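Observations on the three-dimensional arrangement
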Amino acid sequence: MPAKLYKLDQSPPARAAIMVCKIFNVPVEMVDLNVLEGEHLTPEYLKMNPCHTIPVFVDGDFVIHDSHAMLMYFADTYGNNSPLYPKDIKQRTLINQKLFFNDGVLFTRLRIIANPAFVHGVKGVTKMQLDNVQETYDFLEAFLSRHKFLALDHITIADIAAYATVSMFHYIVPLDTNKYPKLAAWLKEMEKQPYCQKYNAAGAKAFGEYMKSVTETK
Ligand SMILES: N[C@@H](CCC(=O)N[C@@H](CS)C(=O)NCC(=O)O)C(=O)O
């Protein structure tokens, strides 16, 4: 049986997994999940991923239920020493740190807004939730003042994971490009990457516009 990636194009972690699969030609069958129909809540899906999140990668009895772990696994297994995830332990640690930053800070701050709206139909957003997104622009600007990209001076899997998330932020919190020039330049550079254009742009736009429509301040 071929390996499968359960995904949803509107989901940032799923898009990051798709982009890295495509970059490294990971042999995988892509399976779309309809969250609105509860396809992530079936007993079969919960057996693979009790947390019922998307994406999930399954290869026989080997299951990965976190996109960041997937990116590391895809790079190590199919990346052939790619600079996207170098073997040098210090560089790797800097990349891992920014992958955890995406999961723990960037994506979490988006998920707190997006999940209630998309999964549970709860509309509206608090000022604090928007301020939390705004604050990530300060973090990102500071990181991008140290290196050209988030972890190093070249693109790594951490940029791909973070871009999948941050490319949606401006729909809910407009970005002041004068105040955040490094972040604006990083967004522009990432936007140019063919895999971002092909596998991120449409999903980010669709979900971003949806988010904009449901996030009037409470
Ligand atoms: N840390 C996980 C987070 C995945 C996640 O929260 N995905 C959202 C979609 S963007 C989801 O599945 N939400 C549905 C749910 O939690 O029931 C990852 O990186 O894969």
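In the block above lies the structure referred to throughout.
What comes next is a walk through the structure. (Residues numbered from 1 in each chain as written. Predicted model: local features only at pLDDT ≥ 70, side-chain atom pairs only at ≥ 80, totals over all residues. Heavy atoms only, no water.)

What follows deals with the site of the ligand. In the region of the ligand, 15 residues are neighbours, and His 52, Ile 54, Asp 66, Ser 67 and Arg 111 sit closest. At a separation of 3.4 Å, an oxygen atom of the ligand approaches a polar side-chain atom of His 40. The biggest single contributor to the shell around the ligand is helix H4 (residues 89-118), with 4 residues. Class assignment of the residues belonging to the shell around the ligand gives a composition of 5 nonpolar, 7 polar and 3 charged. (Near = heavy atom within 4 Å. Polar contact = N/O pair within 3.5 Å; in protein donor to acceptor, adjacent residues only side chain to side chain. Helix = DSSP H or I, 4+ residues; strand = E, 2+ residues; numbered from the N terminus. Nonpolar A, V, L, I, M, F, W, Y, C, P; charged D, E, K, R; others polar.)

Before going further, it helps to spend a moment on the packing of helix H1 (residues 12-23) against helix H6 (residues 157-166). One can describe the packing of H1 onto H6 by two numbers: an axis separation of 8 Å at closest approach and a directional angle of 140 degrees. Considering their axes alone, H1 and H6 lie oblique with respect to each other. Remark: the crossing between H1 and H6 carries right-handed chirality. Contacts from Pro 12, Arg 15, Ala 16, Met 19, Val 20 and Ile 23 of H1 reach H6 at Ile 157, Ile 160, Ala 161, Ala 164 and Thr 165. Among the residues making up the contact of H1 with H6, the classes are represented as 9 nonpolar, 1 polar and 1 charged. (Axes fitted to C-alpha atoms, helices over the stretch in contact; angles between N-to-C directions. Parallel < 35°, antiparallel > 145°, perpendicular 65-115°, else oblique. Left-handed = near helix turned anticlockwise from the far one by under 90°. Contact = heavy atoms within 4.5 Å.)

Moving on to the sheet that holds strand S2 (residues 28-32). The mixed open sheet is built from 4 strands, whose spatial order is S2-S1-S3-S4. Where the open sheet ends on each side, the last strands, each with one partner, are S2 and strand S4 (62-64). Shown here is a sheet whose adjacent strand axes are inclined to one another by a mean of 20 degrees, direction ignored. Both strand S3 (residues 56-59) and S4 contribute to a ladder of 3 bridges, which runs antiparallel. Its bridge partner being in S4, Phe 57 is matched across the sheet by Ile 64. Those strands touched by H1 are strand S1 (3-7) and S2, and its axis lies near 145 degrees from that of S1. (Pairing = 2+ DSSP bridges.)

The final tally for this structure, using the stated rule, is 8 salt bridges. Among the salt bridges present, the one from Asp 76 reaches Arg 92, with a minimum N-O distance of 2.8 Å. Here the residue Asp 76 occupies a position in helix H3 (residues 67-78), and Arg 92 occupies one in helix H4, the gap between them amounting to 16 residues. Among the salt bridges present, the one from Lys 127 reaches Asp 131, with a minimum N-O distance of 2.7 Å. Taken together, the residues Lys 127 and Asp 131, both in helix H5 (residues 127-146) and 4 residues apart, mark about one turn of the helix. Overlapping salt bridges, with partners in common, bring together Lys 7, Asp 9 and Asp 32 in one network. (Salt bridge = Lys/Arg side-chain N within 4 Å of Asp/Glu carboxyl O.)

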